[in-house]
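# Descriptive analysis of the structure
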Amino acid sequence: MLMRMWKDWRRKRFLAGAQVEEAAWREALERLRVCGRLSPEQQKRIRELSLLFLREKRITPLEGLVLSQADLYFLAVQACALVFHLGFSAYDGWQTVYVFPSIFREKASEEGRPLGRGELPGHLAGLAQQGGAVVLAWTQVESGGEDLDDGSNVVFHEFAHKLDMQDGSPNGVPILPADISPGDWQQVFAQAFDDFRRKLESGRKSRIDPYAATDPAEFFAVLTEYYMERPEVIGNEYPELLALLQRYYRIDHLD
Ligand SMILES: [Zn+2]
């Protein structure tokens, strides 16, 4: 508790004197096409979260990738949109974001670091390591950020995994705010997940990406992408789940 208060105080103090590089910040918001969507208060909030993100997380480009200041903001805004109401402390406990130039092959080492290409078959757009780094493919970060209405976004996906992993293993249950009981979450979430799996097995149609049926953790990550970009896709099939996600993320687009 004391640690948390100390951290909050240090963050407030940092923000009191911190500023974005204005031209790069504008460029990032324009590339994301969010300027017209955010009120001045919302812009201030996302700017503060982004400043914290870039101060506290170590963004490490790999394989010769160079990220400009605008690129860093472009990434930070997407990552921080998810914790707009949850608060930045939801990302405590880990530090590093590795960024490959494009889709990458990975093999998690003992330490949970990516070892680079060629170790295992299978290419990834992103990866979230439990207690470790987030790994992203920059081409995918760009294409996800440049269309915030298609229901697909690697940053929302991997950072949702990080929220899910706050309390340990990824199981589709993040640390819940006080007004959502674990029982509530379990009931609505598990019911939707089971129904979705049955739906796919029986060949019924769904607009939700079948990858969500992999396990509860992927269900949470994929549904988070829809929640952020295409909430009506969830609302059409699982209105109770959409309401639950709204109680958790509280993003204004549904108000
Ligand atoms: Zn995933």
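All residue numbers refer to positions counted from 1 along the written sequence of the respective chain. In keeping with the predicted nature of the model, local features appear solely for residues at pLDDT of at least 70, side-chain atom pairs appear and are counted solely at 80 or more, and the whole-chain, interface and lining totals rest on all residues.

### Side note on the overall build of the protein chain
Our working rule: The way it works is that DSSP assigns letters per residue, a run of H or I at least four long becomes a helix, a run of E at least two long becomes a strand, and they are numbered from the N terminus. Only C-alpha atoms enter the radius of gyration, while the globule expectation follows 2.2 Å times N to the 0.38, with N the number of residues. Here a residue counts as buried when 20 or more other C-beta atoms sit within 10 Å of its C-beta, as exposed when there are 12 or fewer, and as partly exposed otherwise, the C-beta atoms being derived from the backbone. Throughout, a pair of residues is in contact if the C-beta atoms placed from their backbones lie within 7 Å.
In terms of helices and strands, the protein chain carries 10 helices and six strands. Taking 2.2 N^0.38 as the reference for a compact globule, 255 residues should give roughly 18 Å; the C-alpha atoms of the protein chain span a radius of gyration of 18 Å, in line with that estimate. Oriented by its inertia axes, the alpha-carbon framework of the protein chain measures out at about 55 × 45 × 40 Å. Among the 255 residues that make up the protein chain, the fraction classed as buried is 35%. Considering only contacts in the protein chain between residues 6 or more positions apart, those separated by 24 or more positions represent 62%.

### What about the domain arrangement of the protein chain?
When the parts come together, some accessible area is lost, and that loss is often what is quoted as the size of the interface. Which entries qualify depends on this criterion: Delimitation of the domains relies on an automatic or database domain assignment. Side-chain classes follow a simple rule in which Ala, Val, Leu, Ile, Met, Phe, Trp, Tyr, Cys and Pro form the nonpolar group, Asp, Glu, Lys and Arg form the charged group, and the remainder, Gly included, forms the polar group.
Looking at the protein chain, the domain boundaries give domain 1 (2–146) and domain 2 (182–254). Spacing between the C-alpha centres of domain 1 and domain 2 amounts to 24 Å. The residue makeup of the side of domain 1 that touches domain 2, split by class, is four nonpolar, one polar and no charged.

### With respect to helix H8 (residues 216–229)
Quick note on the threshold: One fewer than the residue count of a helix, multiplied by 1.5 Å, yields its expected span.
Look at H8: 20 Å from first C-alpha to last across 14 residues, which is about the 20 Å you get at 1.5 Å a residue. The buried count for H8 comes to 11 of 14 residues, which makes it a mostly enclosed element.

### Notes on the nonpolar core
For the record, the criterion: The term nonpolar core refers to a set of buried Ala, Val, Leu, Ile, Met, Phe, Trp, Tyr and Cys residues connected through C-beta atoms within 7 Å.
In this structure, Cys-80, Leu-136, Leu-223 and Leu-241 are the most contacted members of the largest nonpolar core, which totals 63 residues. Counting only domains with at least three residues in this core, you end up with domain 1 (2–146) and domain 2 (182–254). Excluding its chain neighbours within four sequence positions, the residues that come into contact with Leu-241 are Val-188, Phe-189, Ala-192, Leu-223 and Ile-234.

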